[in-house]
Structures are given as C-alpha cells and as structure tokens.
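What follows is each chain in one-letter form.
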Amino acid sequence: MRFLDEAFRLKSGLAEMLKGGVIMDVTNAEQAVIAEKAGAAAVMALERVPADIRKEGGVARMAPISKIREIMAAVSIPVMAKARIGHFMEAQVLEALKVDYIDESEVLTPADEEHHIDKRAFKTPFVCGARNLGEALRRIAEGAAMIRTKGEAGSGNIVEAVRHIRTIVKEMKQLTVLGHEELVAESKKLQAPLELVEWVAEHGKLPVPNFSAGGIATPADAALVMQLGAEAVFVGSGIFKSNDPEARAKAIVKAATYFKDPAKLLEASEELGVGMFGLDVAKLPESELLQTRGW
Amino acid sequence: MPKVGVLALQGDFEAHRRALESAGADAVEVRTAAGLNEVDALVIPGGESTTMLKLIEAEHLFEPLRQFGQTKPVFGTCAGAILLAREVLSPQQQSLGLVDLTVERNAYGRQIDSRIVTLHPEPASHLPGNLEAVFIRAPIIRRTGAAVTVLASYGGHPVLIEQGRHLIATFHPELTPDASIHRLFLAKVTQG
C-alpha cells in the first residue's frame, strides 16, 4: 500500500518514539530547556502560544528562523515547528532548516483555503489536526504521519479535545463491524480513500499514531484524553501560561506515563497551583474558533 | 513461556510488546519497581532517553533497574541502548552503565537523516543474512569494551551487540515484521 512505503515508515517511526510522551509548545530557548528538563519528549517551536494568538489577534505565521535555530541548538530532543495550512513554502523552509517534524496547524492563520500542503513531497514528517475520522484520513492521504485532535487551542478547556478523540475512536469502532459494500459507501461519506477506510476497518485504529491537543492544562486533562485513546499529548498554552510552568510540565509528563493510575495522578497534581485561565468554548463566536480551520 | 517486561515509561513499548509476543514470549508492561520483580527479563524500548531518564529518577527506578540487570537479561533499542551504556556523549548524561559501551546521541543527525538499511549480521550471530534495520535519530556506538561481541555493523560502526546476557541495537527491530532479533533475546532469557 502506497501510504505504508519506506519513506512513510520512517516518518511515522519517529511518531512511534513519541508515544506516551508530552510535546510542549515553546517560543524561545529558555522555555525549550525548561521543557526538556521536565521530561518533554519533543518541543514545538512557535511564534506565540495559542492563548496569545487568540488574545492579540493578527496574522499568525511560522516562528522566526532565529528562534527556531536557538531552540534546536538548546535541546537534544526532537524539535517540531508549525507551518500555516497550505503554506508549502514555509514547510520547505522548515525542511531546509532540518526541523524534525512539521505541524501544518490550524493555530496559525491559514494560507490556502482550498488546499492543504502535499505532505508526500517532503522527507520531513508532518503532523496535522483533525476533529473526526474523515479529516484524519484525508490528512493521512495527503501524507501526514501523525494525527492529533485539534481540540480548541489556547482555550485551556478540554471539552473540544474530548469531543474530537471520542468522535475519532467511535467512528473507527463503527467501521470495524461494517461489510465491504458498506465501507465503500462510508469512504464516500468520510471523503477519504477507500484503502485507508479498509485499513482502519481491519485494524480498528489509525495507520499512524493518534495524539491529542487543544486545551490540555492539567495532569488530569492529559490522563483523560489518554484513557480515551490518545497515545501522547501536545500541551500548548497550558504550561507557559500557568503560574508554575516547571512543576506543571513535570506533572503532565508523569501523567502521560501513569494515566491509568489515579494514585500516581494524585502525586503528580499535589504540588500544583492554579492552571491557566480557561475559556468557555461554547460562548466563543464562530469566527474565533481555530478548530474549524482546515477541511 | 518466559515472562518479559517492557519498560513502558515512554516510547514505542507497544511495538516491542507485539514483537515479543510474535517471538513467543509472555510480554507485560513495566512502570514500577514492583513490576520489575514480576519478570524474567526486560526490554528498554525506543523513545526519548532524556524523558525516560527523568521518569526513572522521579520514580526512584535507577537502582532497581541496575540491580535487575546484574542478574537478568536486558535488551535495549535506540534510547534503550543509550540508557544501558556505560558512557553517553552529546550531551553527556546519566545512564545505567550495564553494558561497556560509549554511545553518542543523535549521531547521524536529525530526523531527515533517519534511514532504513539492510544489515548483513556476523555469521556467528545465527541471524538471517539480510536484516532490515530502521534507524531513527539513532545513536552511534563509539567504543566497545572487551566483553562486548559485535553481531552486526553499519557504516563501520557496531549497531547490534551483545555482552553476556544483554543485547543492544541502535536501530528498531520492533518496527520491522521480522522477529528474529527478539527471538535471539528470548534465547538468552531461556538459557538463563
């Protein structure tokens, strides 16, 4: 199958190595070092964390190259960076810079309202956001080697990440009981290639690692989405917008490992103060939602 | 049937569990010192060695792991190799020191330099003549101690080695369908 060729196996192979880990948003070398010391499995370089993008508005772009370089020089763990949806030029620049993973992200302002990046054309692996199975499979068909739920970035509210992981897991379960002619119909409904729909129906999971993002602010949030089926978590504003970034980062790392163990979760949460200020996503106007970007 | 633990702090422990099962072992995930007492051998998987090290420190697993390795077989792949080595470079970091190696982290470069290659193991290893090996942000073994036997090399560096009951791969045998390296480890476990 084309999507499981050698190049693809290397791309999703790195995602395999990140399982059970926490990928933390950072905007400079100092934050990257805090993240690495706390046990982050990777860091995500970006211009502003989602909570600030939300507050300040304006166009959110790929991070400045000098910042990404500074972060790459400061840590030994993988460094990811975000490119705008459809902005293949930002992605080419990030590949030339040799970042380890590119996030084609709805957190940044989309550059193309019809096309996502042709991710197969790259040697660098891509992660993309998804709210449902159709979106996830369309991104995989374009070459994404890792999927993360979109949640609602910068909200500090876990409700959307929960909705998205539950939706994807349920839609996958449903495929496993369908007959072949039903899968053909389902492939049209999901607007996703039949071979991917068949793969999911046979295995009951995505052909790439399935992580969670968008609203994780506490160790319990991280453990919740992992119990619901996420294999690792991305934490954006939740760490550096809290009043205790170092302790919180460490606690979320512990939660990602011991997500089935409430006693360990209690230990992880014990020392923490107040988390980032959260937003009621239901009260956000449609125009302020980040999750509806991408198609 | 030998009971083999997979250290499941972080990384591709699930892939190892599947590989061990297909090689005929009873595989369980280990996250605590109590879990170590339940198994005959241990696999330390691929992942981020710094993340695993932080969790090993925070959960006071350093000594229990060292003691486990004094008497029982341990198999480390990639990050697991880094954790088992005597000395780690680039940057220097703490390790269990159970195998007499010096390893340099991320020595091939970044993800774009990750690769799949065909290895030709030493005949004495009794492994298949052509073995697919997946290297992901892999370390390079820069020095091997006198007790170390090299089972396979790539680009002039050892990539699969054994030292007594311990086995180390700088690549990821758990990401290929061929379970022959996991069977080699199980043979060590059953030989005691």
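In what follows, the accompanying structure is described. None of these values were measured; they are calculated from a predicted model.

## Topic: the environment of B:Val88
All names here are of chain B. Summarising the element assignment, Val-88 is placed in strand E5 (residues 85-89). The exposure class of Val-88 is buried, given its relative accessible area of 2%. Once the C-alpha coordinates of Val-88 and Phe-185 are considered, the two residues, 97 residues apart in sequence, prove to be 24 Å apart. Sequence-distant contacts of Val-88, that is, excluding residues within four places in its chain, are made with Ile-82, Gln-93, Ser-95, Val-103 and Arg-105.

## Some thoughts on the sheet that holds strand E2 (residues 42-45) of chain A
Backbone hydrogen bonds are what pair the strands of a sheet, in a parallel or an antiparallel way. All names here are of chain A. Overall, parallel pairing links the eight strands, which are arranged E7-E6-E5-E4-E3-E2-E1-E8 in an open sheet. The strands lining the two open edges of the sheet, one partner per strand, are strand E7 (210-211) and strand E8 (233-235). With three bridges joining them, strand E1 (residues 22-26) and E8 adopt parallel strand pairing. Residue pairing across strands places Val-22 opposite Val-233, the latter belonging to E8.

## A closer look at the packing of aromatic side chains
In the structure shown here, the tally under the stated rule is seven aromatic pairs over all chains. Ring centres of A:Phe122 and A:Phe126 lie 5.1 Å apart, and the angle between their planes is 70°; on these two criteria the pair is classed as edge-to-face. A:Phe126 matches A:Phe122 in its accessibility class, with the two residues each being buried. The cationic tip of A:Lys264 hangs over the ring face of A:Tyr258; the distance from NZ or CZ to the ring centre is 4.9 Å. The residue whose ring lies beneath B:Arg31 is B:Phe13, and the NZ or CZ to ring-centre distance is 5.6 Å.

## Brief notes about the pattern of salt bridges
A full pass over the atoms with the stated rule returns 36 salt bridges over all chains. For B:Arg17, the salt bridge identified is with B:Glu29, shortest N-O distance 3.4 Å. Within this pair, whereas B:Arg17 is found in helix H1 (residues 13-22), its partner B:Glu29 is found in strand E2 (residues 26-30), the two being separated by 12 residues in sequence. We classify B:Arg17 as partly exposed; its relative accessible area is 24%. Judged by relative accessible area, B:Glu29 falls into the partly exposed class, the value being 27%. Through salt bridges with shared partners, a single ionic network connects A:Lys82, A:Asp103, A:Glu106 and A:Arg148.

## Details of the pairing of strand E5 (residues 126-130) of chain A
Residues and elements named next belong to chain A. Counting buried residues along E5, five of its five residues qualify, which places the element largely inside the surrounding structure. Side-chain alternation along E5 places Phe-126, Cys-128 and Ala-130 on one buried face and Val-127 and Gly-129 on a second face that is also buried. Bridging between strand E4 (residues 101-105) and E5 involves three bridges; their strand directions are parallel. Opposite Ile-102, over in E5, you have Phe-126 as the bridge partner. With four bridges joining them, E5 and strand E6 (residues 146-149) adopt parallel strand pairing. Looking at the pairing, Cys-128 lines up with Ile-147 of E6. Between E5 and its parallel partner E6, the chain crosses via helix H6 (residues 133-141), and the hand of that crossover is right-handed.

## Digging into the interface of chain A and chain B
Listed by partner, the interface residues are 34 residues for chain A and 34 residues for chain B. For the pair chain A and chain B, the summed buried area comes to about 2,900 Å², and 54% of that belongs to carbon and sulfur atoms. For the chain A face of the interface with chain B, the top three residues by lost area are A:Arg9, A:Leu10 and A:Met17, together amounting to 23%. Our count for the chain A to chain B interface comes out at five salt bridges.

## Let's talk about unusual backbone geometry
Residue and element names in this part refer to chain B. For the bond running from Ser-90 to Pro-91, omega is -10°, close enough to zero to count as cis. In this model, Cys-78 sits at a positive phi of 55°, which is unusual for a non-glycine residue. Take Cys-78: it is sitting in the loop between strand E4 (74-77) and helix H5 (79-84). With relative accessibility at 5%, the residue Cys-78 sits in the buried group. With phi around 45°, Asn-106 is a residue other than glycine that occupies positive phi space. With respect to the element layout, Asn-106 can be found in the loop between strand E6 (99-104) and strand E7 (115-119). What makes Asn-106 partly exposed here is its relative accessible area of 21%.

Reading the values: the criteria
- Residues numbered from 1 in each chain as written.
- Chains lettered and ligands numbered in written order.
- Predicted model: local features only at pLDDT ≥ 70, side-chain atom pairs only at ≥ 80, totals over all residues.
- Heavy atoms only, no water.
- Helix = DSSP H or I, 4+ residues; strand = E, 2+ residues; numbered from the N terminus.
- Buried < 20%, exposed > 50% of the residue type's maximum accessible area, 1.4 Å probe, protein only.
- Contact = heavy atoms within 4.5 Å.
- Pairing = 2+ DSSP bridges.
- Phe/Tyr/Trp six-rings, centres within 6.5 Å; stacked < 30°, edge-to-face > 60°.
- Lys NZ or Arg CZ within 6 Å of the ring centre and 35° of its normal.
- Salt bridge = Lys/Arg side-chain N within 4 Å of Asp/Glu carboxyl O.
- Right-handed = clockwise from strand over helix to strand, strands pointing away.
- Buried area = accessible area lost by both parts, 1.4 Å probe.

Keep in mind these values describe shape, not function.
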